Amino acid sequence: MKKALAFLMAAVMLMSMLTACGNKDVADDTKDNNDVSTAEADKAAADKVAALIDAIYVQERTEETDAQCEAAKAAWDALTDAQKALVEGEEASPDYFGLDTGDASKDDPRNQDEIGEKELLVVSFGTSFNDSRVADIKSIEDALQAANPDWSVRRAFTAQIIINHIQARDGEKIDNMEQALERAIANGVKQLVVQPTHLMHGAEYDEMCAAIDKVRDKFESVEIAEPMLGEVGSDATVINADKEAVAKAVVAAALSESGYESTAAAKEAGVAYVLMGHGTAHVAKVTYSQMAAQMDKLGYENVFIGTVEGEPEDTSCEAVIAAVKEAGYTTVVLRPLMVVAGDHANNDMAGADEDSWKTMFEAAGFTVNCQISGLGRIADVQALYVAHTKAAIDAIA
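Just so it is clear, the structure is predicted and the values come from calculations on it, not from any experiment. (Residues numbered from 1 in each chain as written. Predicted model: local features only at pLDDT ≥ 70, side-chain atom pairs only at ≥ 80, totals over all residues. Heavy atoms only, no water.)

## A closer look at the environment of Ala184
Okay, so step 1: Locating Ala184 in the fold gives a position in helix α7 (residues 177-186).
Okay, so step 2: Its relative accessible area of 0% is what places Ala184 among the buried residues.
Okay, so step 3: Along the chain, Ala184 and Glu117 lie 67 residues apart, while their C-alpha atoms are 8.8 Å from each other.
Okay, so step 4: In contact with Ala184, other than residues within four places in its own chain, are Ile115, Glu119, Val189 and Phe219. (Helix = DSSP H or I, 4+ residues; strand = E, 2+ residues; numbered from the N terminus. Buried < 20%, exposed > 50% of the residue type's maximum accessible area, 1.4 Å probe, protein only. Contact = heavy atoms within 4.5 Å.)

As structure tokens, this is what we get:
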């Protein structure tokens, strides 16, 4: 009897253990399924936002653009932090909405109406880096407004991709060229002066002029002021007063920020300055060679000109590294030769990726310091724009 009872109790315990194991397996399977479902849901939510970002990462504005910008931001805000980290598309990344580039409220889109009969339209490529936009582009606009109180200073960007980015992320609406010109026409502007902040007579400048030519007959007079570096010239040896002024201004700023009194003092310490421009396939690319010639004429032996695009060829990062190394320098100060210290300055120049200029110079054995500062915030550069605008206004008179 006792043996039978013991056998029965053992059987009951075995059944309980088997049942418990079975329940645990079911629970584990359920947990795994839930984890898979959550991961899939997170990826689907992130992919939706990525698609919405890619849809507004375009150079053409449409009737749906405003709604698309709002939809992309709303979808991003609805994501969890874990989902935001998964956002990845053709152009989309967590940085599109998540990167902190400063306070957009400090900017002024200058898209107000009630312009009056005299408008000064300042045309820039643009940047989505808020602090740089304020320091570089807004500073130029402010200087032009202060110098021309009788004129209404307004803004246009030529990069719709950037306009959309700022609008979606920060709710700030900036006119493109067509919108700005339509605004001027609707407000009854009679005298229009256009001041490009572009470095040169390049592709962006040509596109701007084409847009203006379409509506010239809507105004009594239209004048286009010179870009920063003035006329291009026929070959690499042709320089002018504008290029000299910019060369002196940017080198002075670079020296001041790095703590040297002169290029000679920096040279003595083994320091070279590399000014990184954008580069272009346009015939205006000779401008970069002219700036190099200008540096030589000023005696700035340790100042080198490079470009992101490597056009002209001797301005590629590899070519500049070879030139700096051959000259015997051990320390390099990188600084943008660009109106705005935006994406190129922060990423292509000073970024941590293996193909950034900072990384490549370090890999070549140099000590590298980066100055993320655009030309637009330099007072002497602002004064140059003021002078160019004055010449255009005087041409109307």
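From this point, the discussion proceeds with the structure in view.
## Details of the pattern of salt bridges
Two side chains bearing opposite charge may form a pair once their charged atoms approach each other closely.
Okay, so step 1: If you walk through the whole model with that rule in mind, you get 22 salt bridges.
Okay, so step 2: Close ionic contact of Asp77 with Lys73 constitutes a salt bridge, the shortest N to O distance being 2.9 Å. Here Lys73 and Asp77 lie together in helix α2 (residues 65-77), a separation of four residues that amounts to about one turn.
Okay, so step 3: For Lys73, a relative accessible area of 23% puts it in the partly exposed group. (Salt bridge = Lys/Arg side-chain N within 4 Å of Asp/Glu carboxyl O.)

## With respect to the layout of surface pockets
Okay, so step 1: The volume enclosed by the largest pocket comes to roughly 1,200 Å³.
Okay, so step 2: As for the largest pocket, its lining consists of 43 residues, and the residues nearest its centre are Phe125, Gly126, Ile162, His278 and His344.
Okay, so step 3: Put simply, the parts of the chain that give the lining of the largest pocket at least two residues each are α4 (95-98), α6 (160-170), α8 (203-213) and α13 (343-349).
Okay, so step 4: Here the residues of the lining of the largest pocket sort into 19 nonpolar, 18 polar and six charged. (1 Å grid on protein atoms, 1.4 Å probe; cavity = no way out; pocket = protein on both sides within 12 Å on 5 of 7 lines; lining within 4 Å. Points joined across faces, edges and corners; volume = space filled by probe spheres on them. Nonpolar A, V, L, I, M, F, W, Y, C, P; charged D, E, K, R; others polar.)

## Topic: the pairing of strand β5 (residues 271-277)
Okay, so step 1: Judged by how many residues are buried, β5 sits mostly within the fold: seven of seven residues are covered.
Okay, so step 2: On β5, burial covers both faces: Val271, Tyr273, Leu275 and Gly277 on one face and Ala272, Val274 and Met276 on the other are all buried.
Okay, so step 3: Pairing analysis gives six bridges linking β5 to strand β7 (residues 331-336), with the strands arranged parallel. The residue bridging Ala272 from the neighbouring strand is Val332, located in β7.
Okay, so step 4: For β5 and strand β6 (residues 303-307), the ladder comprises five bridges, and the chain directions are parallel. (Pairing = 2+ DSSP bridges.)

## Brief notes about α8
Okay, so step 1: Among all positions in α8, only Tyr205, Met208, Cys209, Ala211 and Ile212 are buried. End-on view of α8: buried residues confined to an arc of 160 degrees, all on one side of the axis.
Okay, so step 2: Elements that come into contact with the buried residues of α8 comprise β1 (118-124), α7, β3 (191-196) and β4 (221-224). (Arc of directions from axis to C-beta.)

## A word on the sheet that holds β4
Okay, so step 1: The strand order β2-β1-β3-β4 describes an open sheet built from four strands, whose pairing is parallel. Strands with a single pairing partner mark the edges of an open sheet, and in this sheet they are β2 (152-157) and β4. Across the sheet, the axes of successive neighbouring strands diverge by a mean angle of 20 degrees, strand direction being ignored.
Okay, so step 2: Two strands pair when backbone bridges link them, and β1 and β3 are joined in this way by six bridges, in the parallel orientation. Following the sheet pairing, Leu121 is matched in β3 by Val194.
Okay, so step 3: Of the strands in this sheet, β1, β3 and β4 are in contact with helix α15 (residues 379-396), which crosses β3 at around 155 degrees. (Axes fitted to C-alpha atoms, helices over the stretch in contact; angles between N-to-C directions.)

## Here we look at the side chain of Gln290
Okay, so step 1: You can see Gln290 is positioned in helix α11 (residues 286-297).
Okay, so step 2: The class for Gln290 is buried, based on a relative accessible area of 0%.
Okay, so step 3: Leaving out residues up to four positions away in the same chain, Gln290 has contacts with Val232, Gly233, Ser234, Asp235, Ala236, Val238, Ile239 and Lys243.

## Overview of helix α12 (residues 317-326)
Okay, so step 1: Among the residues of α12, those classed as buried are Cys317, Val320, Ile321 and Val324. Around the axis of α12, the buried residues are gathered within 105 degrees of arc, so they sit on the same side. In α12, the exposed positions angled more than 90 degrees off the buried face are occupied by Glu318 and Glu326.
Okay, so step 2: Where α12 is buried, its residues touch β5, β6, β7 and α14 (357-363).
Okay, so step 3: Residue Gly328 follows α12 closely and has a positive phi angle near 90 degrees.

## A word on the sheet that holds strand β8 (residues 367-370)
Okay, so step 1: With respect to topology, four strands assemble into an open sheet ordered β6-β5-β7-β8, the strand pairing being parallel. Both edges of this open sheet fall to β6 and β8, since each of them pairs with a single strand only. Geometrically, the sheet is characterised by an average inter-axis angle of 25 degrees between neighbouring strands, direction not taken into account.
Okay, so step 2: Docked against the sheet, α11 engages β5 and β6, running at close to 175 degrees with respect to β6.

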